[in-house]
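Structural features, examined
In case you want the letters, here they are:
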Amino acid sequence: MTRFDHLFQHGLEELAEQGRLRTPRSLQPGVDGLLEKEDGTVLVDFSSNDYLGLRAHPLLRERALVWAERYGAGSGASRLVTGTAPGMVALEARLAALKGMEAACIFSSGWQANATLVPALAQLSLAATGAAPTLIVDKFIHASLYHGCAAAGVRPVRFRHNDMEHLESLLQKADGPGLKIILTESVFSMDGDRADMAALGALARRYGAFLCVDEAHATGILGADGKGLADGQADLIIGTFSKALGGMGAFIASSSPVCRWLVNKGSGYIYSTAPSPLVLGAVDAALDLLPDLDATRDRVAGLAERFRQHMRQAGLETGPSSTQIVPVVVGSERTALTLSRMVEDAGFLAIAIRPPTVPPGGCRLRVVLHGNHTEAQVDQLAQVLKDAVSQCAAMGFA
Ligand SMILES: Cc1ncc(COP(=O)(O)O)c(C=O)c1O
């Protein structure tokens, strides 16, 4: 107990009143992507980002143990002290090759990579031009990139989501001496839609802007061999191990000078212990598997389209989704939470996503398709959801 608990209690009560209180709960991962609740009930996971079902793959588990045997369970220090094992250097070269870049640096999480990247780029702008950069960002970029902007002390200029005309008009107006930097994603995590990479690349080249693309939700699952969508267009790519690659951590791939700058100026690289060899071993195994997973990637795409069709036929809103992430947008917190609970009662985990993760009024069930789902499971979820929506409508929910 602290002397300040009443203040925290009050804040929590306010969140609960708004339907925005969040509480982690224990779920035991089982076979084929199933999850077991504490009461023993089993749920089909339609929420995690384990798109290829790799997190429990035997090869990843085995390689994790091999790397732990070889390098230890922890890294012992920051990369620049004693945290850079030979396997990690080789892994960085493999990641750079995956993204068609010269070099890569590994971070402990995607959040950390993004929060580190933006201040490091801002320092480069200051060093090179004497002025802060103009950060031009898609309105829907991940919270960690916004955090990076705040840590850099630069207020970003936002373009309307995926609106290339708006981006161009902002690039035209950006006439300060600092670097122009575009921050966006190739696949957006809450809508499952894609950016127009060719258009972004062309604009970045035309206006001399440095294009950074977060490929957290494309790496491993989209593009040839799972290399993502930013191929050849971006100056810098962020990829995560935490989604399709079944592990945790992240990397930034770019040219050698850019990566060397991050090694020297990236706060989350310099002042944080290097990621665990265990996890990096698993990632190394995932990279071995990626080229042979075309059939799984096609299956996931097919299942996602099947689910979207079900939703469209029922008149439900899936927005611009064209990937393995399919939002079912329902509006209010109350509706999203009720639907999620009803779906869970029928054996499916489809978590309600609420503000601030999505804009007010845009609450949704974020349905995520995986390689280990069956068509029957997708059809069942769709039916359960349609029935639940009808029941909510009958109860007069907005
Ligand atoms: C687009 C995007 N970037 C970065 C991250 C953060 O990655 P991590 O979970 O590895 O911290 C996420 C995670 O949800 C994300 O959706």
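Residues numbered from 1 in each chain as written. Predicted model: local features only at pLDDT ≥ 70, side-chain atom pairs only at ≥ 80, totals over all residues. Heavy atoms only, no water.

**Structural notes on the overall build of the protein chain**
The line we're drawing: Strands here are runs of E lasting at least two residues and helices are runs of H or I lasting at least four, both read from the DSSP assignment and numbered beginning at the N terminus. The globule rule is 2.2 Å times the number of residues to the power 0.38, and the radius of gyration it is compared with is taken over C-alpha atoms. Summary of the burial criterion: residues with accessible area below 20% of their type's maximum are buried, those above 50% are exposed, and those between are partly exposed, where the area comes from a 1.4 Å probe applied to protein chains only. Only the protein chains shown count as cover for residues, and all accessible areas are computed by the Shrake-Rupley method using a 1.4 Å probe. His residues and chain termini do not enter the charge count, which takes Lys and Arg as positive and Asp and Glu as negative. Where a charge sits is defined by one atom per residue type, namely NZ (Lys), CZ (Arg), CG (Asp) or CD (Glu).
Within the protein chain one finds 13 helices and 14 strands. A compact globule built from 398 residues would reach a C-alpha radius of gyration of about 21 Å, and the protein chain, at 22 Å, matches this within 12%. A burial count over the protein chain gives 51% of its 398 residues as buried. For the protein chain, the exposed area adds up to about 17,700 Å²; of that, 55% sits on carbon and sulfur atoms. Measuring between centres, the 36 positive side-chain charges of the protein chain sit 4 Å from its 41 negative side-chain charges.

**Re the layout of surface pockets**
One way to see where empty space is left: roll a probe the size of a water molecule over the atoms. The cut-off we apply is this: Only protein atoms enter the 1 Å grid used here. Points where a 1.4 Å probe fits but cannot escape make up a cavity, open sets with protein on both sides within 12 Å along at least five of seven lines make up a pocket, and a residue lines them when an atom lies within 4 Å of a point. Grid points are joined across faces, edges and corners, and a volume is the space filled by probe spheres set on the points. Ten residue types, Ala, Val, Leu, Ile, Met, Phe, Trp, Tyr, Cys and Pro, are classed as nonpolar, four, Asp, Glu, Lys and Arg, as charged, and the remainder, Gly among them, as polar. Delimitation of the domains relies on an automatic or database domain assignment.
Estimated volume of the largest pocket: approximately 1,200 Å³. Lining the largest pocket are 40 residues, with Arg 22, Ser 47, Ile 351, Ala 352 and Ile 353 sitting closest to its centre. Taken together, the elements giving at least two residues each to the lining of the largest pocket come down to α4 (110-129), α12 (333-345), β13 (352-353) and β14 (363-368). Class assignment for the residues of the lining of the largest pocket results in 14 nonpolar, 14 polar and 12 charged. A domain split of the lining of the largest pocket shows at least three residues from each of domain 1 (24-54 + 293-395) and domain 2 (75-275).

**Structural notes on the pattern of salt bridges**
When charged atoms on two side chains of opposite charge get close, those side chains can pair. Note the threshold: The working definition used for a salt bridge is a side-chain nitrogen of Lys or Arg within 4 Å of a carboxyl oxygen of Asp or Glu.
According to the stated counting rule, one finds 19 salt bridges in the structure shown. Put simply, Arg 25 and Glu 344 hold a salt bridge, and the shortest N to O gap is 2.8 Å. Linking Arg 25 in the loop between α1 (5-17) and β1 (28-29) with Glu 344 in helix α12, this pair joins segments that are 319 residues apart in sequence. Owing to a relative accessible area of 12%, Glu 344 belongs among the buried residues under this scheme. For Lys 37, the salt bridge identified is with Glu 344, shortest N-O distance 2.8 Å.

**Here's the deal with empty space enclosed by the protein**
This structure, assessed with the given rule, holds 1 cavity of 30 Å³ or more. Roughly 40 Å³ of internal volume is contained in the largest cavity. Together, Arg 79, Ile 106, Phe 107, Ser 108, Gln 112, Gly 268, Tyr 269, Ser 272, Thr 273, Ala 274 and Pro 275 line the largest cavity. Elements supplying a minimum of two residues to the lining of the largest cavity: β4 (103-107) and α9 (267-270). Within the lining of the largest cavity, the residues separate by chemical class into 5 nonpolar, 5 polar and 1 charged.

**Comments concerning the site of the ligand**
To keep it simple, the criterion reads: Summary of the distance rule: residues count as near a molecule or strand when at least one heavy atom falls within 4 Å of that molecule or strand. Two N or O atoms count as a polar contact when they lie within 3.5 Å, although within protein this holds only if one can serve as hydrogen donor and the other as acceptor, and sequence-adjacent residues are included solely when both atoms are side-chain atoms. Cavity and pocket membership follows a simple rule, namely that a molecule belongs there if more than half of its atoms are within 2 Å of the grid points.
Near the ligand lie 14 residues; those nearest to it are Gly 110, Asp 214, His 217, Ser 242 and Lys 243. Within the backbone of Trp 111, one N or O atom sits 2.9 Å away from an oxygen atom of the ligand. Measuring from an oxygen atom of the ligand, one finds a side-chain N or O atom of His 217 at 2.6 Å. For the ligand, the accessible surface in isolation is 390 Å², of which the surrounding protein chains cover 83%. When atoms are counted within 2 Å of each cavity's grid points, the one that captures over half of the ligand is the largest pocket. Of the residues in the shell around the ligand, the class split is 2 nonpolar, 9 polar and 3 charged.

**Considering the sheet that holds strand β3 (residues 42-45)**
The strands making up a sheet associate through hydrogen bonds between their backbones, and the pairing can be parallel or antiparallel. For clarity, the threshold we go by: Pairing between strands is defined by DSSP: at least two bridges between the two strands are required.
What the 4 strands build is an open sheet, ordered β1-β2-β3-β12; its pairing is mixed. Lying at the two open borders of the sheet, with one neighbouring strand each, are β1 and β12 (348-349). Two elements, β3 and β12, share 2 bridges in a ladder whose sense is parallel. Bridge assignment links Val 44 to a residue of β12, and that residue is Phe 348.

**Remarks on the nonpolar core**
What counts here: Definition of nonpolar core: a set of buried residues of the types Ala, Val, Leu, Ile, Met, Phe, Trp, Tyr and Cys, connected through side-chain atoms within 4.5 Å. Contact criterion: two residues are considered in contact whenever any of their non-hydrogen atoms come within 4.5 Å of each other.
Membership of the largest hydrophobic core comes to 85 residues, with the highest contact counts inside it found for Leu 167, Ile 182, Phe 307, Val 367 and Leu 369. Viewed by domain, this core spans two of them, domain 1 (24-54 + 293-395) and domain 2 (75-275), each represented by three or more residues. With sequence-adjacent residues up to four places away left out, Ile 182 is seen in contact with Ile 136, Phe 159, Leu 167, Leu 171, Leu 200, Ala 204, Ala 209, Phe 210, Leu 211 and Cys 212. Core analysis: the second largest hydrophobic core is formed by 25 residues, Leu 117, Val 118, Leu 135 and Val 154 among them.

**Quick look at helix α3 (residues 86-98)**
Our working definition: Here the expected span of a helix is defined as 1.5 Å times the quantity of residues minus one.
Taking 1.5 Å of rise per residue, 13 residues should cover 18 Å, and α3 covers 19 Å from first to last C-alpha, within 8% of that figure. Within α3 the residues assigned to the buried category are Gly 87, Met 88, Leu 91, Glu 92, Leu 95, Ala 96 and Leu 98. Those residues of α3 that are buried lie in contact with α2 (58-71), β4, β10 (250-254) and α10 (277-289). Positioned one or two residues after α3, Gly 100 has a phi angle of 65°, which is positive.

**Some details on the sheet that holds β14**
The 3 strands are arranged β11-β14-β13 in an open sheet whose pairing can be described as antiparallel. Looking at which strands have only one partner, the edges of the open sheet turn out to be β11 (325-331) and β13. The pairing of β13 with β14 spans 2 bridges and is antiparallel. Considered in β14, the bridge of Ala 352 is made with Leu 365.

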